[in-house]
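# Per-entry structural report
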Amino acid sequence: MKKSIKEKVLEIMALALEFNCSEAGSDNTNKKPAFFVDYTGHVNYLTVKVYKNGWGKDVESDMYEILLIHDRMYEKKLDDIIEYMKEVYKEWENKDEVQSQM
């Protein structure tokens, strides 16, 4: 696997870990976004789901991507996923900031 692809896959995983494990990570009542990331090694697939308003039974994801990871893949798709996850993360942080100022 090319180093640039590996680094982007790891960044996606790190964003999910960092965000999901932050304060109130398991509190679904506040509709905190949730990131789901799964790497299936035997077929080299990366699955990413983002729930902007929190995960719940019967809730559809706002983003759902299944990617075959290989050296000739279109890396822009990984960049787009990273950007989307960062936007959701930032929106959530700004929401907390606005609420604390009220």
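Residues numbered from 1 in each chain as written. Predicted model: local features only at pLDDT ≥ 70, side-chain atom pairs only at ≥ 80, totals over all residues. Heavy atoms only, no water.

## What to know about the nonpolar core
Judged by nonpolar contacts, the single largest core of 21 residues is most densely connected at Ile12, Val48, Ile69, Leu78 and Met85. Elements that contribute at least two residues to this core include exactly helix H1 (3-20), strand E2 (45-51), strand E3 (63-68) and helix H2 (76-100). Top element by residues in this core is H2. It accounts for seven residues. (Core = buried A, V, L, I, M, F, W, Y, C linked by side-chain atoms within 4.5 Å. Buried < 20%, exposed > 50% of the residue type's maximum accessible area, 1.4 Å probe, protein only. Helix = DSSP H or I, 4+ residues; strand = E, 2+ residues; numbered from the N terminus.)

## Some thoughts on the pairing of E2
Along any regular strand the residues' side chains alternate between the sheet's two faces. The element E2 is extensively covered by neighbouring structure, given that five of its seven residues are classed as buried. Where strand E1 (residues 34-40) lies against E2, seven bridges are found, and the strand directions are antiparallel. Along E2, the bridge assignment pairs threonine 40 with tyrosine 45. Counting the residues between successive antiparallel strands, the hairpin from E1 to E2 contains four residues, one of them, asparagine 44, with a positive phi of roughly 60°. Pairing geometry for E2 and E3, over six bridges, is antiparallel. Looking across to E3, one finds that lysine 49 is bridged to tyrosine 64. (Pairing = 2+ DSSP bridges.)

## Topic: the pattern of salt bridges
Scanning the entire structure with this criterion turns up eight salt bridges. A salt bridge links glutamate 91 to lysine 52, with the shortest nitrogen-to-oxygen separation between them at 3.5 Å. With glutamate 91 in helix H2 and lysine 52 in the loop between E2 and E3, this pair connects stretches of sequence that are 39 residues apart. For lysine 52, a relative accessible area of 28% corresponds to the partly exposed category. The closest approach of N and O atoms between lysine 77 and glutamate 65, which form a salt bridge, is 3.1 Å. A residue pair is termed long-range when its members are at least 10 positions apart, and lysine 77 in helix H2 and glutamate 65 in strand E3 qualify at 12 residues. According to the relative accessible area criterion, glutamate 65 is buried, its value standing at 18%. When salt bridges that share partners are traced, they join Lys2, Lys8, Glu75 and Asp79 into one network. (Salt bridge = Lys/Arg side-chain N within 4 Å of Asp/Glu carboxyl O.)

## Observations regarding unusual backbone geometry
Despite not being glycine, asparagine 44 has its phi angle at roughly 60°, a positive value. With respect to the helices and strands, asparagine 44 occurs in the loop between E1 and E2.

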